[in-house]
Amino acid sequence: SILAIVSKLFAYLRMNLMAYYYGRSIAADAYCVAFSILEFFRQLIAGATLVSAIIPVCRAVLISDDKSRISNVASNLLFIFSSLMIIILVCWFLFGPALYSWIFGIIQTHNADFVSKSETLTLSVRLLHFMFPVIVLFAIVSVSTAILHSYKKFTAPAVAPLLLNIGIISSI
């Protein structure tokens, strides 16, 4: 839980650095919109729900004391969720711009403060096309987290969000 607090502090630092370096600009608006949509999909597809669903399966296999079976379950889960994420990724690249325009219209309705709506939309779509493939990695991390939790190993999964925030901070 201390690592979760440290990760939240780094997220706060990340947001403050973004505000300091980019201020109120088209780039900042576009990044915030793209990151929010990416975070929504991460929570929807590869969030805590996925981890909570996988842990009982892995625990049941571990209790049966069949070590080769847990390896098969883990590799099958990784393959299934990675394949699913790749399919979602391909669909996103095919249908994403239309979906994104619709989502952007909703955001624009609730937040009329965007600097330039058409430029922000264009830049957001470009940013999200670069950022969205990381959803495959998020799925792999989520399955790995579930497997580690079933082994009662909690430190490594708690470090992942911290490393994400450090990576984003270092790129600013």
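Owing to the predicted nature of the structure, the values given are computational and were not obtained by experimental measurement.

(A) Fine view of the packing of helix α1 (residues 2–22) against helix α7 (residues 155–171). Where α1 meets α7, the axes come as close as 9 Å, and the angle between the chain directions of the two elements is 15 degrees. Here α7 runs roughly parallel to α1, going by the angle between their axes. Note that α1 runs across α7; the crossing there is left-handed. Side by side, α1 and α7 meet where Leu3, Val6, Ser7, Phe10, Ala11, Leu13, Arg14 and Leu17 of the first sit next to Thr155, Ala158, Val159, Pro161, Leu162, Asn165, Ile166, Ile168 and Ile169 of the second. For the contact of α1 with α7, the residue count by class is 13 nonpolar, three polar and one charged.

(B) View of the environment of Trp92. Structurally, Trp92 is set in helix α4 (residues 67–110). Look at Trp92 and you get buried, because its relative accessible area is 5%. Sequence separation between Trp92 and Asn76 is 16 residues; the distance between their C-alpha atoms is 24 Å. Once residues within four sequence positions are removed from consideration, Trp92 is found in contact with Phe41, Pro97, Leu99, Tyr100, Leu128, His129 and Phe132.

(C) Here's a closer look at unusual backbone geometry. Non-glycine residue Lys152 carries a positive phi angle of around 65 degrees. With respect to the helices, strands and loops of the structure, Lys152 is situated in the loop between α6 (134–150) and α7.

(D) Just the packing of aromatic side chains, in detail. Applying the stated criterion across every chain yields a total of three aromatic pairs. Measuring from ring centre to ring centre gives 4.7 Å for Trp92 and Phe132, while their planes differ by 20 degrees; the resulting arrangement is stacked. One end of the pair, Trp92, is in helix α4; the other, Phe132, is in the loop between α5 (117–131) and α6, with 40 residues separating them in the sequence. This pair shows no difference in class: Trp92 is buried, exactly as Phe132 is. Sitting over the ring of Phe138, Arg42 keeps its end group 5.6 Å from the ring centre.

Rules behind the numbers
- Residues numbered from 1 in each chain as written.
- Predicted model: local features only at pLDDT ≥ 70, side-chain atom pairs only at ≥ 80, totals over all residues.
- Heavy atoms only, no water.
- Axes fitted to C-alpha atoms, helices over the stretch in contact; angles between N-to-C directions.
- Helix = DSSP H or I, 4+ residues; strand = E, 2+ residues; numbered from the N terminus.
- Parallel < 35°, antiparallel > 145°, perpendicular 65-115°, else oblique.
- Left-handed = near helix turned anticlockwise from the far one by under 90°.
- Contact = heavy atoms within 4.5 Å.
- Nonpolar A, V, L, I, M, F, W, Y, C, P; charged D, E, K, R; others polar.
- Buried < 20%, exposed > 50% of the residue type's maximum accessible area, 1.4 Å probe, protein only.
- Phe/Tyr/Trp six-rings, centres within 6.5 Å; stacked < 30°, edge-to-face > 60°.
- Lys NZ or Arg CZ within 6 Å of the ring centre and 35° of its normal.

Nothing here speaks to function; it is all geometry.
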